[in-house]
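Architecture at a glance
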Amino acid sequence: MERAGARVTEAAARRAPTRVPEQDPGARGGVRRSSVRGQVLDALRAALVDGDLAPGEVYSAPALGERFGVSATPVREAMQQLALEGAVEVVPNRGFRVARRGARELGELAEVRALIEVPVVLRLARSVPAGRWEALRPLAEATVAAAAAGDRARYADADRAFHRALLGLSGNGQLVQVADDLHRRSQWPLVTGPVHARRADLVADAAEHTALLDALVVGDLGVVQSLVREHFAGS
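Presented here is an overview of the structure given in this document. This one's a predicted model, so the numbers in the text were calculated from it and none came from an experiment. Within each chain, residues carry numbers counting from 1 in the order of the written sequence. Only residues with pLDDT of at least 70 are given local features in this predicted model, and only at 80 or more are side-chain atom pairs given and counted; all residues enter the totals for whole chains, interfaces and linings. Computation of side-chain values covers all heavy atoms of the structure but excludes hydrogens and water.

Secondary structure is summarised from DSSP: a helix means a run of H or I of at least four residues, a strand means a run of E of at least two, and numbering begins at the N terminus for each. Looking only at helices and strands, the chain has eleven helices and three strands in total. Counting helices and strands in the order they occur from the N terminus, the chain gives α-α-β-α-α-β-β-α-α-α-α-α-α-α. Note on classification: 1.4 Å probe, protein chains only; a residue is buried when its accessible area is under 20% of the maximum for its type, exposed when over 50%, partly exposed between these limits. Here the chain, with 235 residues, has 41% of them falling under the buried criterion.

The structure is reproduced here in C-alpha cells:
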C-alpha cells in the first residue's frame, strides 16, 4: 500500500479526538460501541471535506484506527457507511479508496437538490410567517462565522444544519432526510485552488443564506426565487 494511503494525514489527526474512548466491556448493549463508531464517522467525514482523505488514495482501517486511538472495527464500520454513501470504495485486502468525484457528478447532485428544495422553499415562502424565518437567523450566522474562519468542515456542518431547519418547516421528515443525504454527498471533495479563493467561495455561499432569510422575512417572492436558484447553480 502506498505510504500516503496508509494513514490519516497530520491535519486529519489534529481534527480527530486525541483518543476516541473504546467500548466499556461492562456497557449495556452496543451503546458505547455505537458512540465510538459515530465519533469516528464524524471525524472521517470532516477529513473528507477538508481534503485530508485524498481522492484516489487507499486507507487501511488498522492504520486509521491507530490514528484515532481505537481498534480497526469501528473504523471499518464507519468506512462501510461511507461506502454506502459513495464516498469510498472497498479495496479487497487493502482497505478503502476515497472516490474521485468529477464536476459532472457534483453538477448532477446540485440539479437533484434544486429539484427538491427550490419548489419547497418557494411554497414555504408563501405560508410561513416572518417570525419563524427569523428563528433560523442563528443558523445562517453560524455559516457566516465558519466561512469567515475558513473552516470548511465546520462550514459543512453549519450549512447542512441551516438547510435542514429550512426544509424542516415543511413538516416532511422524509424530504428532510433525503435532501440532507444529497447535501452531504455534494460537500466533497473540497474546492481546489488557493486558500483565499476557497474561503471567498464559502463566504459568498454563506452570504446567500442571510440574503435568503432577509427576502423570506419580508415576503419578497421574486428575490427568494432568484436566490434559491442561484444558490444551487453555484453549488
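Moving on: the side chain of Asp 50. Relative to the helices and strands, Asp 50 is located in helix α2 (residues 31-50). Whenever two N or O atoms come within 3.5 Å, that pair is a polar contact, provided that in protein one can donate a hydrogen and the other can accept it, and provided that, for residues adjacent in sequence, both atoms are side-chain atoms. In this structure the side chain of Asp 50 is engaged in a polar contact, spanning 3.4 Å, whose partner is the backbone nitrogen of Ala 153.

Assignment of secondary structure puts Val 91 in strand β2 (residues 88-91). Exposure remark for Val 91: the relative accessible area of 9% places this residue in the buried category. C-alpha of Val 91 to C-alpha of Tyr 59: the two residues are 32 residues apart in sequence and 9.3 Å apart in space. Those residues in contact with Val 91 that sit more than four places away from it in its chain are Val 58, Phe 96 and Arg 97. In what follows, a contact means two residues having at least one pair of non-hydrogen atoms within 4.5 Å.

On to the pattern of salt bridges. We count a salt bridge whenever a side-chain nitrogen from Lys or Arg sits within 4 Å of a carboxyl oxygen from Asp or Glu. Counted by the stated rule, this structure contains twelve salt bridges. Here Arg 137 makes a salt bridge to Glu 134, at a shortest N to O gap of 3.2 Å. Between Arg 160 and Asp 180 there is a salt bridge, and its shortest N-O distance comes to 3.5 Å. Of this pair, Arg 160 sits in helix α8 (residues 152-168) while Asp 180 sits in helix α9 (residues 173-185), placing them 20 residues apart in sequence. Assessed through its relative accessible area of 8%, Arg 160 is described here as buried. By relative accessible area, Asp 180 is classed as buried at 14%. Among the charged side chains, a salt-bridge network with shared partners connects Asp 157, Arg 160, Arg 164 and Asp 180.

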